[in-house]
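Residue strings, one per chain:
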Amino acid sequence: MNLKLYISKNYGSRRNKKSSYIRIAVIDTDIPKEYPANFVCMLPRNLNQNPKKPCKFQEKFGDQSPQIIKKLLDEALETEDDIEFKNELMKRLKILKSKSKNLIICNDCGREFKARKFGHRLQKTCYECKAKRYKKPNKKV
């Protein structure tokens, strides 16, 4: 599978505040040459961290999807000439590289997890470590 990005500018209606927006599709160049025939999926703005509801791109490519997206965006940045398209590609790379504000390292095990707020404080231990701490030991008689 030889993947490339197909970037197009779509013009909105008069009612829409945004007069135009940019769409980025992932295409397979091993299939026929024309765009609609070799469409794979749309490139997501950011990847879902929720494994229960992955986007179509994550469903198709699984765990390798962040590396594939970075590679595709880097290749498209090198070959693209239009300034608007380059700005959109750079925005998506920046979103992909930035981490969530709520990702915190667990004090016990050192893994990253999405923290919840309790009043003015953030959670410091992950759910697995907290479950181990409060697990009742089996009592044998």
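Residues numbered from 1 in each chain as written. Predicted model: local features only at pLDDT ≥ 70, side-chain atom pairs only at ≥ 80, totals over all residues. Heavy atoms only, no water.

1. Describing the nonpolar core
Of all hydrophobic cores here, the largest spans 23 residues; its most connected members are Leu5, Val26, Leu43, Phe57 and Leu89. A total of six residues in this core trace back to one element, the largest contributor, which is helix α2 (residues 65-79). When sequence neighbours within four positions are dropped, the list of residues in contact with Val26 reads Leu3, Lys4, Leu5, Asn38, Phe39, Val40, Cys41, Leu43, Phe57 and Leu72. One finds Phe113, Ala115, Cys126 and Cys129 within the second-largest nonpolar core, a separate group that totals five residues. (Core = buried A, V, L, I, M, F, W, Y, C linked by side-chain atoms within 4.5 Å. Buried < 20%, exposed > 50% of the residue type's maximum accessible area, 1.4 Å probe, protein only. Helix = DSSP H or I, 4+ residues; strand = E, 2+ residues; numbered from the N terminus. Contact = heavy atoms within 4.5 Å.)

2. Structural notes on the packing of aromatic side chains
Summed over the entire model, instances satisfying the criterion amount to two aromatic pairs. Between Phe57 and Phe61, the aromatic rings sit 4.7 Å apart at their centres with planes inclined by 50 degrees, giving tilted as the arrangement. Note that Phe57 and Phe61 are positioned in helix α1 (residues 56-61) at a spacing of four residues, about one turn of the helix. Judged by centre distance (6.3 Å) and plane angle (75 degrees), the ring pair of Phe113 and Tyr127 falls under edge-to-face. With Phe113 in strand β5 (residues 112-114) and Tyr127 in helix α4 (residues 127-133), this pair connects stretches of sequence that are 14 residues apart. (Phe/Tyr/Trp six-rings, centres within 6.5 Å; stacked < 30°, edge-to-face > 60°.)

3. Quick look at α2
Here α2 is 15 residues long and its end C-alpha atoms lie 21 Å apart, about the 21 Å a rise of 1.5 Å per residue gives. Looking at α2, one finds that the buried residues are Ser65, Ile68, Ile69, Leu72, Leu73, Ala76 and Leu77. Summarising the axial view, the buried residues of α2 lie within an arc of 165 degrees, below the 170-degree limit, and thus occupy one face. Structural note: α2 exposes Gln67, Lys71 and Glu78 on the side pointing more than 90 degrees away from its buried face. (Expected span 1.5 Å × (residues − 1). Arc of directions from axis to C-beta.)

4. Focus: the side chain of Asp28
Note that Asp28 resides in strand β2 (residues 20-28). One buried charged side chain, Asp28, makes no salt bridge at all; its nearest oppositely charged neighbour is Lys60, positioned 9.6 Å away. At 3.1 Å, the side chain of Asp28 and the backbone nitrogen of Asn2 are in polar contact. When near neighbours in sequence (up to four residues on either side) are disregarded, Asp28 contacts Met1, Asn2, Leu3, Asn38 and Val40. (Lys, Arg positive; Asp, Glu negative; His and termini not counted. Salt bridge = Lys/Arg side-chain N within 4 Å of Asp/Glu carboxyl O. Polar contact = N/O pair within 3.5 Å; in protein donor to acceptor, adjacent residues only side chain to side chain.)

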